[in-house]
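Below are the chains, spelled out letter by letter.
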Amino acid sequence: MESEESMTNGSIEGLKKFYQGKSVLVTGHTGFKGSWLCRILTLAGAKVTGYALEPPEYPAVFQAADLGETMDSVIGDVRNLNALMAVFQKVRPQIVFHLAAQPIVRDSYKDPVYTYETNVMGTVNVLECVRLTDSVTSFLNVTTDKVYENKEWEYGYRECDPLDGYDPYSNSKSCSELATHSYDKSFLKDRGCAVSTCRAGNVIGGGDFANDRIIPDCVRAAVKKQNIILRNPYSTRPYQHVLEPLALYLDIAMKQFLDKRFSGCYNAGPDDCDCVSTGELADLFCRFWGQGAAWECHNDDGPHEANFLKLDCSRAKYTFGWKPRYHVAEAVEKTVAWFLAWQEGKDMRQVMDRQILEFFGREEEEPHV
C-alpha cells in the first residue's frame, strides 16, 4: 500500500490514486455542495452514483453544468427507505457521503415536520442501508456548524462542545449527528465500517441559487440591476469557498477507509480572519461584480438567526494537515467569476472543472469528461 502522504497530496492526481474505480454513493447529489462533490469524484475517476430529489431550484448548478450526463443520477427521496435500499443493493457502494438535507433555516420554520423527516429520518434510512450493505467501508455524514449549542461566545466551537441547534434545521442536524453516533456504536463499528461526521461553516461558491442565502440573493439582485437587500449586515459567519470543506470530506472518507482510527467528528471552517459580517461579504461581492452593485439594509423582523458563530478547526488541521486555501476575498472572487460566466452563457462544466483543478493544484487542461 502507498504511503498516506503520497496518496493525499491535495491534487486531483492524489485523489485519483485512491478514488479511481471505487464505487461511491452521494446522497443530495443534485444540491449545491453535492454537485461540486460529484464533479470532483468524477474527475478523480470514481464510479459515482447520486441519490436525491430533483434539483431544489431552477436554475441549479447540477443542471447548469449538465452533471447528469457524467454520472449515475437516481432521483429519489431519502425518506423512502425501500427505494434507497434498492439503490444500495444495486450499486454496492464502498464509500457513502450523506449530504441530502433540507438545508434552509427559514424554511425549517415554515415546515418543521418536513425538515425533521428529511434531516433525521432521512439520515436514519441512509444509516440503515449502510448497516445492511456490507460493501460500505467508509461513511461520512455532512452536517453543519449550527449543530452546536450556540451561546454566541467569542471562541470557536470544538467537536467536544454540546450539540443543541436552536431552530428546526439546526436542531434536526444535531439529531442527525446523534443518530449517526448511535448507529456507529450499536452496529457499524463491529461490522468494520468507519463512520465520521463533519460540521462545515457557511459555504459560498458558483452555482448556489438557493433562497435565503446571502450570495444567491446578491446574484439575483445584481442580475436585475437592483440593490441587494441585507436583513442583518452585522451578523458574523465563518464563510468559506465550497471546495474547502469538500477537500476535507474527501480526505476523511479516504483516510478512514484505510485506517478506521481516523473515524470521528470534525469541524471544517475558515480561519478567524475570514469570519466576516454579512455586510463585509456583500461589500466584497459588489467589488468583484462591479456594474454599480450596491446593498442596503432592510430588517424584516424574521425568525431567530444567530448573530455570531465560528468554529475551532484545530482537530482537522492536526489530524489531516488540512487548512483553508482561499481567504474570503478570493473565495468571493471565484464565486463571482462563476456567476458572471453563467450569465454570459459559457460552458459551466468547463468553468467548474477549471476551478476544481486550480483549487487542487493542477493548472494544465484536463479532458472534458
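This text gives an overview of the structure that appears in the document. (Residues numbered from 1 in each chain as written. Predicted model: local features only at pLDDT ≥ 70, side-chain atom pairs only at ≥ 80, totals over all residues. Heavy atoms only, no water.)

1. Here's the deal with the nonpolar core
Reasoning step 1: Membership of the largest hydrophobic core comes to 86 residues, with the highest contact counts inside it found for Y19, W36, L41, F97 and F285.
Reasoning step 2: Among the elements that take part in this core, helix α10 (residues 243-258) stands out by supplying ten residues, more than any other.
Reasoning step 3: In this structure L41 touches Y19, V24, V26, A46, V48, F97 and L250, once residues within four positions along its chain are discounted.
Reasoning step 4: V78, F88, V96 and A100 belong to the second-largest nonpolar core, a separate cluster that totals 22 residues. (Core = buried A, V, L, I, M, F, W, Y, C linked by side-chain atoms within 4.5 Å. Buried < 20%, exposed > 50% of the residue type's maximum accessible area, 1.4 Å probe, protein only. Helix = DSSP H or I, 4+ residues; strand = E, 2+ residues; numbered from the N terminus. Contact = heavy atoms within 4.5 Å.)

2. A look at the packing of aromatic side chains
Reasoning step 1: Taken as a whole and assessed by the stated rule, the structure comprises 15 aromatic pairs.
Reasoning step 2: Their ring planes at 90° and their centres at 4.8 Å tell us that F18 and Y19 sit as a pair that is edge-to-face.
Reasoning step 3: Among the residues examined, F18 registers a relative accessible area of 2% and is labelled buried.
Reasoning step 4: Aromatic pair F285 and W289: ring centres 5.4 Å apart, planes at 20°, arrangement stacked. Residue F285 and its partner W289 are located together in helix α11 (residues 278-289), separated by four residues, close to a single helical turn.
Reasoning step 5: Given a relative accessible area of 1%, F285 falls into the buried group.
Reasoning step 6: Members of the aromatic cluster, joined through ring pairs, are F209, W338, F339 and W342.
Reasoning step 7: Taking NZ or CZ as reference, R315 lies 4.6 Å from the ring centre of Y266, over its face. (Phe/Tyr/Trp six-rings, centres within 6.5 Å; stacked < 30°, edge-to-face > 60°. Lys NZ or Arg CZ within 6 Å of the ring centre and 35° of its normal.)

3. Here we look at the packing of α11 against helix α13 (residues 328-343)
Reasoning step 1: Running from amino to carboxyl end, α11 crosses α13 at an angle of 50°, the nearest separation of the two axes being 9 Å. When the interaxial angle is binned, α11 and α13 end up oblique. The element α11 and its partner α13 pack so that their crossing is right-handed. On α13, the residues touching L281, L284, F285, F288 and W289 of α11 are V328, A329, V332, E333, V336, F339, L340 and Q343. (Axes fitted to C-alpha atoms, helices over the stretch in contact; angles between N-to-C directions. Parallel < 35°, antiparallel > 145°, perpendicular 65-115°, else oblique. Left-handed = near helix turned anticlockwise from the far one by under 90°.)

4. Examining helix α3 (residues 32-43)
Reasoning step 1: With twelve residues, α3 extends 17 Å from end C-alpha to end C-alpha; this agrees with the ideal 16 Å at 1.5 Å per step.
Reasoning step 2: Counting buried residues in α3 gives twelve out of twelve residues, a clear majority hidden from the surface. (Expected span 1.5 Å × (residues − 1).)

5. A closer look at the sheet that holds strand β4 (residues 95-98)
Reasoning step 1: Read from one edge of the open sheet, seven strands run β3-β2-β1-β4-β5-β6-β11, paired in parallel fashion. Each end of this open sheet is capped by a strand with a single partner; those strands are β3 (72-75) and β11 (264-268). Direction aside, neighbouring strands of the sheet carry axes that sit 15° apart on average.
Reasoning step 2: Direction of pairing for β4 relative to strand β5 (residues 138-142): parallel, over a ladder of four bridges. Looking across to β5, one finds that I95 is bridged to S138.
Reasoning step 3: The sheet contacts of helix α7 (residues 112-131) involve β1 (23-27), β4 and β5, and relative to β4 the element is tilted by about 175°.
Reasoning step 4: The strands touched by helix α8 (residues 168-191) are β5, β6 (194-200) and β11; relative to β6, the strand with the most contacts, the crossing angle is about 165°. (Pairing = 2+ DSSP bridges.)

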